[in-house]
Amino acid sequence: MLPKDIRKEILKMTAAMLAVSVVTVLAFYLLGYGGRPVIYGALLGAATAALNYFLLALTVSIACRKGGNGTFNGYMSISYTVRILLLGAVIIFAIKCKSINYIAAVIPLIFPRFFVTVFGILEKKKSKKETDDSTKDYITEQHTADKLGECSSEKATDGGEH
């Protein structure tokens, strides 16, 4: 079973691939090339991209559990080869099948790397903001605690004299 955070990333990537497919289909229709082959191609491409990403996540999860640098690298190499062969087979199938627009099928296969980069940048910004906010909160708490401490010490020293 995949960890919850990895499942969340897979769902996020799948949603992004479906969004790319919708935009692809709309673009084809706006350019006058729409039809069922475009829809089938976009769905095939999105499903293949999502499957490829899932297999990558599964491979990394299994390889990390197995441990050992040699095992990890070997397992990742085999998985990479299988995933590339899968992508090649899907592209060849899309080219050969008359009822699938192969360009619409290939477009979603290009975008996972783009989305990984975008999601990574957004995550860094989010974690930086959370770190900045928690640092500000900590500084505010420390400042408040220091002030309270100063007030208490002043009261303690001054309290007996007044």
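Residues numbered from 1 in each chain as written. Predicted model: local features only at pLDDT ≥ 70, side-chain atom pairs only at ≥ 80, totals over all residues. Heavy atoms only, no water.

## As for the packing of helix H1 (residues 4-30) against helix H2 (residues 36-66)
Worth spelling out the cut-off: Comment: axis = line fitted to C-alpha atoms, over the contacting stretch for helices; angle = value between 0 and 180 degrees taken between N-to-C directions. Where helices and strands are cited, they refer to DSSP runs of H or I of at least four residues and of E of at least two residues respectively, numbered from the N terminus. For classification purposes, an angle smaller than 35 degrees is called roughly parallel, one larger than 145 roughly antiparallel, one from 65 to 115 roughly perpendicular, and anything else oblique. A clockwise turn of the near helix away from the far one marks a right-handed crossing, whereas an anticlockwise turn of less than a right angle marks a left-handed crossing. Here, two residues are considered to be in contact whenever any of their heavy atoms come within 4.5 Å of each other. The residue classification treats Ala, Val, Leu, Ile, Met, Phe, Trp, Tyr, Cys and Pro as nonpolar and Asp, Glu, Lys and Arg as charged. All others, Gly included, are polar.
Their axes nearest at 9 Å, the elements H1 and H2 cross at an angle of 160°. As summarised for this structure, H1 and H2 are arranged roughly antiparallel, according to the angle between their axes. Here H1 and H2 pass one another in a crossing that is right-handed. Residues Ile6, Glu9, Ile10, Met13, Thr14, Met17, Leu18, Ser21, Val25, Phe28 and Tyr29 of H1 form the contact with H2, whose participating residues are Val38, Ile39, Ala42, Ala46, Ala49, Ala50, Tyr53, Phe54, Ala57 and Ser61. The class makeup of the residues in the contact of H1 with H2 is 17 nonpolar, three polar and one charged.

## Quick look at the side chain of asparagine 52
Checked against the element boundaries, asparagine 52 lands in helix H2. Beyond its immediate chain neighbours, meaning those up to four positions away, asparagine 52 contacts Arg83 and Leu87.

## What about the confidence of the model for the chain?
Let me state the cut-off plainly: pLDDT expresses, on a scale from 0 to 100, how confident the predictor is about each individual residue.
Mean pLDDT for the chain: 80, with 77% of residues reaching 70 or above. The least confident element of the chain is helix H4 (residues 102-159), whose mean pLDDT is 67; the most confident is H1, at 91. Note on residues 140-162: pLDDT is under 50 here. Beyond four places in sequence and across chains, it has two contacts.

## Regarding the nonpolar core
We count it as follows: Only buried residues count toward a nonpolar core. Its members are Ala, Val, Leu, Ile, Met, Phe, Trp, Tyr and Cys residues joined through side-chain atoms within 4.5 Å. Categorising residues by exposure relies on relative accessible area from a 1.4 Å probe, with only protein chains included: less than 20% of the type maximum marks a residue as buried, more than 50% marks it as exposed, and the intermediate range marks it as partly exposed.
Counting 14 residues, the largest nonpolar core has Ile10, Met13, Ala16, Met17, Phe115 and Phe119 as the members making the most contacts within it. At the level of elements, H1, H2 and H4 are the ones that each hand at least two residues to this core. Counting residues per element, this core draws most heavily on H1, which supplies five residues. Ignoring any residue separated from it by four or fewer positions in sequence, one finds methionine 13 in contact with Tyr53, Pro112, Phe115, Val116 and Phe119. By size, the runner-up hydrophobic cluster in this structure holds five residues, among which are Val25, Phe28, Ala42 and Ala104.

## Topic: the environment of leucine 109
Counting through the fold element by element, leucine 109 comes out in helix H4. C-alpha of leucine 109 to C-alpha of valine 20: the two residues are 89 residues apart in sequence and 9.9 Å apart in space. In this structure, leucine 109 is in contact with Gly45, Thr48, Ala49, Leu87 and Ile91, ignoring residues within four places of it in sequence.

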